[in-house]
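Next come the chains, spelled out residue by residue.
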Amino acid sequence: MTSGEHGKATIDPGPGARFGDGLRRFFDSDLWHSFTRSPVVVVSAVVTFVFVLSALFAPLVAPHDPFDLATIDLLDSVIPPAWMDGGDARFLLGTDDQGRDILSTVIYGARISLGVGFASVLFAMVLGISLGLLSGYLGGAVDAFIMRIADVQLTFPAILIALLIDGLSRTVLPRDLHSDIWFYVLVLAIGLSFWVQYARTVRGSTMVERSKEYVQAARVIGIPPLLIMLRHVLPNVMGPVLVIATINLAIAVITEATLSFLGIGVPLTSPSLGTLIRVGNDFLFSGSWWITVFPGAALAILVLAVNLLGDWLRDALNPKLR
Amino acid sequence: MIAFVVRRLLQSILVMLAVGFIAFSLFNYVGDPINNMVGQDTTLEQRQELRGRLGLDDPFFVQYGRFLANAVQGDFGISYRHRRPVAQLIAERVPATLELSIVAAILALFIGVPMGVYTGLHRRGFLAQVFLAVSLVGISLPTFLIGILLILVFGVLSQDINAAIGFTLVPQLPTFGRGDTVQLGWWSTGFLTKSGLLALILPSITLALFQMTLIMRLVRSEMLEVLRTDYIKFARARGLANRAVNFGHALKNTLVPVITITGLQLGSIIAFALITEQVFQWPGMGLLFIQAINEVDIPVMASYLMLIGFFFVVINLIVDLLYYVVDPRLRADKAVAAGHQ
Amino acid sequence: MTQPAPNQPLLQVDSLRIEIPGRRGTLTAVDDICFDIGEGEVLGVVGESGAGKSLTGAAVIGLLEPPCRIAGGQIHFDGRRIDNLPYEQMRRIRGRHIGMVFQDPLTSLNPLYTVGRQLIETILTHSDFSEKGARKRALELLKEVGIPAAERRLDQYPHEFSGGMRQRVVIALALCAAPRLIIADEPTTALDVSIQAQIITLLKRLCRDHGAAVMLVTHDMGVIAETADRVAVMYAGRIVEQGPVADVVRRAKHPYTKGLMGSIPLVGHDVEQLIQIDGAMPRLNAIPQGCAFNPRCPKVFERCRLERPELQPVGPTAAACWLYEAAPVGSGNDG
């Protein structure tokens, strides 16, 4: 498309055509091509999608409800997976020591894990972007302060921070309060350990945009420049932010699983994959390996898929590698 | 140079003070320390007397000062649960954690860096792709899962596997505890006994795997970046031998930024040791801390915090100083040093 | 290396074609260009960004970055074919026989090694000097490129030099092993205007003193006019005009070259308006059929849009333009 075609009038084709156009452009884009070209990435996307769907529609997807005490029979406990000796077709992956169907607990567990994971990433993103915008736009003492906190926080590994916040909240808050708000505490704990990356990226972009003329012009007109920044800075950073978010999701899920495994994550009443693994760990030596292995496999597959997606996204959005 | 060191030292002290502050707030304001220490039938007067003796009614900063002064001298109070000085407990546990961490760190570095260099140099080679695939799995598996997997293979199922294939392929390794240790002063070491060394194998691999793959991917991506630079192109244009270009120029430039992150990763190892200790019931500081959280043993929690904070601050300081020594640009331009990521 | 016949050029490029395979098909970045450089001669290669000049230079020295690749043609250096040499053999030619100077002196030097170390390393690679001998030689080179206090400077790091000084060091490095051809890719573009002239003069003088030929790649016509003996004008991957520099500058034949010359403000001449060529150079995936310049050419006619013109001699120069067709179609037009 050479420039220099001045003077041609363009007619607005209308929103419907524009959407179709946009869709066509998307499927024609480098991103989509790079996506479909790699079978590994497509599989990862499908796997992630399956997990997300079954997490959202867990009650419909799971064959049993592991939390409905009426349906659990202690006599069904510790049954091996269906294809082994002593297995039962009703419980495809076997049951645990309480008689709960492993497949169902895994589905519900994945729901918790993904729920906490997504929420913490979202929280970190919002917090990080806001702080980054503030820091980059206001500069000066505010910037120095925020960046100093970021530096200090980076001194400590994320898991420790998450551990600290979550562990402390249990001891500090009265028990009933904690059992009500554990979700928010956990999301806060994990999210707080991640915000720095977003803040830094957004801050960099903001500082670049801040010195541009349209910001000065907007100030003269009276539009709050912060609004303008949002409209111009955000599109620029969306790419890197998305990459960070995907990789963070994997780490968030792992962190939650780790905290739950250590006993200080989600409460036992809503077990996540990490909790299931911990509970099953006790049965490892007695031969009932399926109680730990299936939740473990589910966790590993989920995180692997998300990591692969994140890797692909990072390579696809990196202009230098094109 | 001196200015830089002094400034970093001051920063470190500030951070330590902040950490100390948090630890101290924990100490005094989480629940009532008195309630945690005494039994149910202690009378109100006895509690009041205890308060006075422990100076719990003094103003905030006096208590804080006392806390700091004690901490610097190594007095961290008495554990609620174990009824022994926390310092003693920590002294018993620190060697276990440190030995485990050091072995894991060595593993991670000495395998991660060469693998990273190799996959960076041979971008599309088959072996490189294999390494990359394995590394992706490595960072996707949470540490505790790796530990459980290893326990499963080398502890639970090893006999069965060996029986199935007919010969001993999979050794049976200890999966619990530290084995026999030898006491050297206040340090108990597992390096000097066979069982101690055997017990180290699975936990250290578990701890190292995640870091190893992280380091490998980091070194690789840095290497790829460096290999694209103009000075590498120019070195090639001057006809320098491949080895000079790859190892003399590329490698050195790769390692400089890698030092910072690697240093921080080593700090992570001490933190992640916590998880490994739980999986293998390794009697280290981390296990102590987890138990303390569950038992609400505040002095232990606070002390662990301080200690970990101290480790990290020291590690960061050393890394910054190393960076300063290695990168000549920092020595000339102090402004750059402040802004270096 | 065989000794060239007395009239054989030092560097001969025949029908060089560089392609970039991409997701949507293969782009041709350099399309069948032919040129040569004689011993000690300075050939300027001028054109806009994206015309293919840098790729040509990279191809000659064998440093084309994948996915770019040589898809056709041949390159001969000193009578010997070099475009199809294995890496190790080409490496021995680099630095020793063909040297290269890049655009940005800041990024061309390894920031972690002293200038002396980088010089000595290069000297030792191409000669039998001892460590001490190499250091002496490095010192000489620094002095030759005009670095004051050379003894002290040897042990300094690149960031301690100014931009112009750094480029002098780069030139010294390129000349270490006394190569017979230097490819200078935009050697002054990244420098202050005041320094540019100094560096160009230095380059020209040194190459003349060492008897090295220069392939000077640049978009700055002024530099070419000052420095080059001959010039090749590139457009959209093709050479549109070639010839002695005075002739091309003063009596440009190809409409594009005319436009280029006309757009340079001349000191002492008052012009109403600088000539501007409408439009822009086409992207690699949208090169027009026929002559690549035809959409923008003020003298375009039907044939321009159908057939691609080859370089035809027009007086002392050669131009690829149907305006100057010497013979009818079908005679002697095989590249």
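Residues numbered from 1 in each chain as written. Chains lettered and ligands numbered in written order. Predicted model: local features only at pLDDT ≥ 70, side-chain atom pairs only at ≥ 80, totals over all residues. Heavy atoms only, no water.

Turning our eyes to something else, we now look at the sheet that holds strand S1 (residues 11-22) of chain C. Residues and elements named next belong to chain C. Spatial strand order, S2-S1-S4-S5: four strands in an open sheet with antiparallel pairing. Pairing within the sheet leaves two strands with one partner each, and these edge strands are strand S2 (25-37) and strand S5 (80-81). Note: S1 against S2, nine bridges, orientation antiparallel. Bridged to isoleucine 18 within S2 is valine 30. Here helix H1 (residues 53-61) sits on the sheet and contacts S1, S2 and strand S4 (69-77); the angle it forms with S1, its principal contact strand, is near 110 degrees. (Pairing = 2+ DSSP bridges. Helix = DSSP H or I, 4+ residues; strand = E, 2+ residues; numbered from the N terminus. Contact = heavy atoms within 4.5 Å. Axes fitted to C-alpha atoms, helices over the stretch in contact; angles between N-to-C directions.)

Residues and elements named next belong to chain C. Tallied over the entire structure, the rule returns 27 salt bridges over all chains. The salt bridge partner of aspartate 31 is arginine 238, with a shortest N-O separation of 3.5 Å. Here aspartate 31, found in strand S2, pairs with arginine 238, found in strand S10 (residues 238-244); they are 207 residues apart in sequence, far enough to count as distant. The residues aspartate 31 and arginine 238 share a single accessibility class, namely buried. Of the charged contacts in the structure, one is a salt bridge between arginine 117 and glutamate 121, with a shortest N-O distance of 3.7 Å. Of this pair, arginine 117 and glutamate 121 are both found in helix H4 (residues 115-126), four residues apart, which corresponds to roughly one turn of the helix. In this structure arginine 117 comes out as partly exposed when scored by relative accessible area, which is 35%. Each of Arg17, Glu19, Asp31, Arg69, Arg238 and Arg308 takes part in one network of salt bridges that share partners. (Salt bridge = Lys/Arg side-chain N within 4 Å of Asp/Glu carboxyl O. Buried < 20%, exposed > 50% of the residue type's maximum accessible area, 1.4 Å probe, protein only.)

To continue, consider the packing of aromatic side chains. Residue and element names in this part refer to chain B. Using the criterion set out here, one finds nine aromatic pairs over all chains in the structure. Judged by centre distance (6.0 Å) and plane angle (75 degrees), the rings of tyrosine 118 and phenylalanine 131 are edge-to-face. Placement of tyrosine 118 in helix H5 (residues 86-121) and of phenylalanine 131 in helix H6 (residues 126-140) is noted, with a sequence separation of 13 residues between them. Relative accessible area serves as the criterion here: at 30%, tyrosine 118 is assigned to the partly exposed category. (Phe/Tyr/Trp six-rings, centres within 6.5 Å; stacked < 30°, edge-to-face > 60°.)

When the parts of a complex come together, some accessible area is lost, and that lost area is often taken as the interface size. Contacts between the two partners involve 40 residues from chain B, matched on the other side by 37 residues from chain A. Linking chain B to chain A there are one salt bridge. Residue arginine 217 of chain B pairs with aspartate 311 of chain A through a salt bridge whose shortest N-O separation is 2.7 Å. Our enumeration of links across chain B and chain A arrives at two residue pairs in polar contact (both at pLDDT 80 or more). Residue assignment for the side of chain B that touches chain A shows that the elements contributing at least two residues are helix H1 (2-29), H6, helix H7 (143-156), helix H9 (194-227), helix H11 (242-280), helix H12 (285-295) and helix H13 (298-326) of chain B. If one sorts the elements of the side of chain B that touches chain A by residue count, H11 of chain B sits on top with eight residues. (Polar contact = N/O pair within 3.5 Å; in protein donor to acceptor, adjacent residues only side chain to side chain.)

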